[in-house]
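# Structure assessment
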Amino acid sequence: MEVLTAILSKKSQEPVFTFHSLAKSELMSHILFADDIFLFCKGIFSSINVLLDGVDEFSEASGLVVNLSKCNIFFSNVPLFTVSAALQRSGFIWGDLPIKFLGIPLVSKRLTAADCVPLINNLCAQILHWTSKFLSQAGRLQLIRLVLFAIQSFWASSSFSMWHDPWLGGRTLLDLFGFEIISLAESSNFALVRESLLNDSWNIAPSNHTLMMELRNLLNNTEISSSNRILWDDLSTIKTSDIWYSLRSRKPQVAWFHFVWHKVKVPKAAFLLWLAIRNRLLTRDRMIRFGISTPIHCPLCLTDLESRDHLFFSCFYSRIIISHCQVLVPSN
């Protein structure tokens, strides 16, 4: 996907290409998400053609072909002759707005709690059906990694909601004043904090309502900085490791740490070695203890019971393999 990103980024620099109005400031022509890709441009045929040329170029280089039956193209305030030309050029299906992706509406404004209810219900239903036996150690590590990255992305964000984010004393303004404050402030549900600032001062509707007077008094006692940011444990620059170590207790480093988790490690091999050191490999002796019906003998030598110690130290077949590996194994 890095190759596709490079191709589309280069294509978006062509003079005939124009960015979508909502993506112009970020110079964004596409977003990759798992197995899906979103392409953005102004609703003119020259821009659409540039992106499609990039996709075609990637297909020729990689051998991967677009599945037209799974591709949609969406238009907003685009002339019919442009729509017709784009449909003929792409072969995509003409989609209808608004649309949802993974159960969430794709909108240009901030999502409301109601928008997220279907996704939350679906996640809750899935979690209730999960048990630890369906999630491997590798799966748990990946889940932790994804959650940490999501936390990092949130706390690194600099666009805070005026009403929904806890930017004032760790609480949201909705918690303090209720939903009525939005209409009293002549604001919107999606307003950002920066929209309430004018010339480095608070710019709030001049209402004499009690709640508005309390809001103005609270804001006037709040210092305005040159940039808005949320701190994690008083750290302005947040790394995933900072979040991880604040969520778990840190213990002394084990003697074999650098032997397993060195810089040039192969992740899969390092993870299996970590399991072996902690005697958590799913060898046949452990499977029998778990009540799993399985042959007991080592599949390599067909003599002794398969265990961690047997595989790495007693099995004559594995000893031959290990003896040919140029690896220095610590004695402890």
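Per the secondary structure count, the protein includes 14 helices and 8 strands. Burial status across the protein gives 27% buried among its 332 residues. Looking at the protein alone, contacts between residues at least 24 apart form 44% of all its contacts between residues at least 6 apart. When the accessible area of the protein is evaluated, it comes to approximately 23400 Å², of which 58% is carbon and sulfur surface.

A few words now on the pattern of salt bridges. Scanning the model with the defined rule gives 6 salt bridges in all. R89 is the partner of D56 in a salt bridge, and the nearest nitrogen-oxygen pair spans 3.0 Å. Of this pair, D56 sits in helix α2 (residues 45-62) while R89 sits in helix α3 (residues 80-90); the two residues are 33 residues apart in sequence, bridging distant segments of the chain. On the basis of relative accessibility, which here comes to 26%, the residue R89 falls in the partly exposed class.

Turning our attention to the packing of aromatic side chains. Scanning all chains against the criterion turns up 3 aromatic pairs. Aromatic pair F17 and F19: ring centres 5.1 Å apart, planes at 90 degrees, arrangement edge-to-face. Per residue, the accessibility class of F17 equals that of F19, and both read buried.

As a further point, take the nonpolar core. M162, W163, I181 and L215 are the most contacted members of the largest nonpolar core, which totals 21 residues. Counting residues per element, the ones that place at least two in this core are α6 (173-177), α7 (180-184) and α8 (210-220). When residues in this core are grouped by element, the largest group, 4 residues, is from α8. Residue contacts for I181: discarding those within four places in its chain leaves W163, L174, L211, M212 and L215. By size, the runner-up hydrophobic cluster in this structure holds 18 residues, among which are I7, L52, C71 and A86.

Two elements in contact, α2 and α3, have axes whose closest approach is 10 Å; the angle formed by their N-to-C orientations is 10 degrees. In this view, α2 runs roughly parallel relative to α3, as classed from their interaxial angle. Facing F45, I48, N49, L52, D53 and D56 of α2, the residues of α3 in contact are T82, A85, A86, R89 and S90. Taken together, the residues of the contact of α2 with α3 break down into 5 nonpolar, 3 polar and 3 charged.

Our focus in this paragraph is helix α1 (residues 2-11). When we look at burial in α1, the residues that qualify are L4, I7, L8 and K11. Across the axial projection of α1, the buried residues extend over an arc of 95 degrees, all falling on one side. For α1, the exposed residues set more than 90 degrees away from the buried face come down to E2 and K10. Residues of α1 that are buried sit in contact with β1 (30-33), β2 (36-39) and α2.

On to a positive patch on the surface. Together, R248, R250, K251, R278 and R280 make up a positively charged patch on the protein surface. You can see R280 is positioned in the loop between α11 (267-277) and α12 (284-289). The exposure class of R280 is partly exposed, given its relative accessible area of 46%.

A few words now on the confidence of the model for the protein. Per-residue confidence for the protein averages 81 on the pLDDT scale, and 80% of its residues sit at or above 70. Of all the helices and strands in the protein, helix α5 (residues 137-155) carries the lowest mean pLDDT, 63, while α12 carries the highest, 93.

By the element assignment, N221 lies in the loop between α8 and α9 (240-247). Only 2.9 Å separates the side chain of N221 from the backbone oxygen of N217, close enough to count as a polar contact.

Moving on, we come to the side chain of T82. On the secondary structure map, T82 appears in helix α3. Using a relative accessible area of 6% as the deciding quantity, one classes T82 as buried. Sequence-distant contacts of T82, defined by excluding residues within four places in its chain, comprise G43, I44, F45 and I48.

The subject of this paragraph is a nonpolar patch on the surface. A grouping of M1, L32, I37, L39 and L64 is seen on the molecular surface, where their side chains present a nonpolar patch of about 410 Å² in accessible area. Relative to the assigned elements, L39 resides in strand β2.

Calculation rules
Residues numbered from 1 in each chain as written. Predicted model: local features only at pLDDT ≥ 70, side-chain atom pairs only at ≥ 80, totals over all residues. Heavy atoms only, no water. Helix = DSSP H or I, 4+ residues; strand = E, 2+ residues; numbered from the N terminus. Buried < 20%, exposed > 50% of the residue type's maximum accessible area, 1.4 Å probe, protein only. Contact = heavy atoms within 4.5 Å. Areas by Shrake-Rupley, 256 points an atom, 1.4 Å probe, with all protein chains shown as cover. Salt bridge = Lys/Arg side-chain N within 4 Å of Asp/Glu carboxyl O. Phe/Tyr/Trp six-rings, centres within 6.5 Å; stacked < 30°, edge-to-face > 60°. Core = buried A, V, L, I, M, F, W, Y, C linked by side-chain atoms within 4.5 Å. Axes fitted to C-alpha atoms, helices over the stretch in contact; angles between N-to-C directions. Parallel < 35°, antiparallel > 145°, perpendicular 65-115°, else oblique. Nonpolar A, V, L, I, M, F, W, Y, C, P; charged D, E, K, R; others polar. Arc of directions from axis to C-beta. Patch = residues over 30% accessible without salt bridge, like charges linked within 9 Å, V, L, I, M, F, W, Y side chains within 5 Å. Lys, Arg positive; Asp, Glu negative; His and termini not counted. Charge placed at Lys NZ, Arg CZ, Asp CG, Glu CD. pLDDT = per-residue confidence, 0-100. Polar contact = N/O pair within 3.5 Å; in protein donor to acceptor, adjacent residues only side chain to side chain.

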